[in-house]
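Commentary on secondary and tertiary structure
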Amino acid sequence: MKIRIAILFLVALPLYAADELRKLDFLVGDWKGEAQVLSGPGKGEHAVQVETVRWKLGGKALLVEGVGRKKLEGGATGEIVHDAMGVVWYDEAAKQLRFDAWTAARGHVDAWFQAGDNSAQWGFDSPEGGKIRFTISLTDKGEWHEVGEYSPDGNRWFKTVDMRLAKVK
């Protein structure tokens, strides 16, 4: 009987991992839109953001690549202001989704990650102190809406990023 339970567990765990990752199917594709990075009340910069999301390793990892370029007058774009990539994967030892992310400006971040129905949330402790989190949701219009927030204490949250993207492919 113990052998049957062990076999059932070994079969069920990969299925659970796959189910958790598959909740992120809504992100797969090519996306483009605008992001606003807020640096204080009434202050901020606008960027044209492109996100590319693909399954890798036979569905065991989700690769997310994002590039934002400063939005100039007349809709033109300028210098790169955001260059990042990340990999979402299921950590079987910890029994949870993980997110390894890198930015050109800051390097590596080991983040927690939670997937919901057409939504996700991820975050990490800021090296400078405080906490950072991002909440992604699919809107009724099919847009990727992502809000970034910073908290100095884990209780009060301040919006730092507001991004809306349309699926282009």
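Every value quoted in this text rests on a predicted model; they were computed, and no experiment measured them.

Here we come to the pairing of strand β10 (residues 158–167). Here strand β9 (residues 144–151) pairs with β10 via 7 bridges, running antiparallel. Looking at the pairing, Trp144 lines up with Leu165 of β10. Taking the residues between adjacent antiparallel strands as the criterion, β9 and β10 are bridged by 6 residues, where Gly154 takes a positive phi near 85 degrees.

By the element assignment, Asp91 lies in strand β4 (residues 77–91). By relative accessible area, Asp91 is classed as buried at 12%. Non-local contacts of Asp91, meaning those with residues more than four positions away in its chain, are made with Gln96 and Arg98. For Asp91, the side chain forms a polar contact with the main-chain nitrogen of Ala93, separated by 3.1 Å.

Turning next to the packing of aromatic side chains. Two measures describe an aromatic ring pair: the distance that separates the ring centres and the angle between the ring planes. Enumeration according to the criterion identifies 5 aromatic pairs in this entry. Taking the centre distance of 5.4 Å and the plane angle of 80 degrees together, the rings of Trp31 and Trp144 count as edge-to-face. Taken as a pair, Trp31 in strand β1 (residues 29–40) and Trp144 in strand β9 lie far apart in primary sequence, 113 residues in all. Take Trp144: its relative accessible area is 3%, and that puts it in the buried class. Ring geometry for Phe99 and Trp122: centres 4.7 Å apart, planes at 75 degrees, overall edge-to-face. You can see Phe99 sitting in strand β5 (residues 96–103) and its partner Trp122 sitting in strand β7 (residues 119–125), a full 23 residues away along the chain. Judged by relative accessible area, Trp122 falls into the buried class, the value being 12%.

Judged by nonpolar contacts, the single largest core of 29 residues is most densely connected at Leu24, Val88, Phe113, Trp122 and Trp144. Considering each element in turn, this core owes the most residues, 4 residues, to strand β6 (residues 107–116). Beyond its immediate chain neighbours, meaning those up to four positions away, Trp144 contacts Leu27, Trp31, Glu51, Val53, Val64, Ile136, Ser137, Leu138, Met163, Arg164 and Leu165.

On to the confidence of the model for the protein. Per-residue pLDDT for the protein averages 89, and the proportion of residues at 70 or more is 88%. Under a pLDDT of 50 for its full length, residues 8–13 has, in the predicted model, 4 contacts with residues more than four places off or in other chains.

Reading guide: rules and limits
- Residues numbered from 1 in each chain as written.
- Predicted model: local features only at pLDDT ≥ 70, side-chain atom pairs only at ≥ 80, totals over all residues.
- Heavy atoms only, no water.
- Pairing = 2+ DSSP bridges.
- Helix = DSSP H or I, 4+ residues; strand = E, 2+ residues; numbered from the N terminus.
- Buried < 20%, exposed > 50% of the residue type's maximum accessible area, 1.4 Å probe, protein only.
- Contact = heavy atoms within 4.5 Å.
- Polar contact = N/O pair within 3.5 Å; in protein donor to acceptor, adjacent residues only side chain to side chain.
- Phe/Tyr/Trp six-rings, centres within 6.5 Å; stacked < 30°, edge-to-face > 60°.
- Core = buried A, V, L, I, M, F, W, Y, C linked by side-chain atoms within 4.5 Å.
- pLDDT = per-residue confidence, 0-100.

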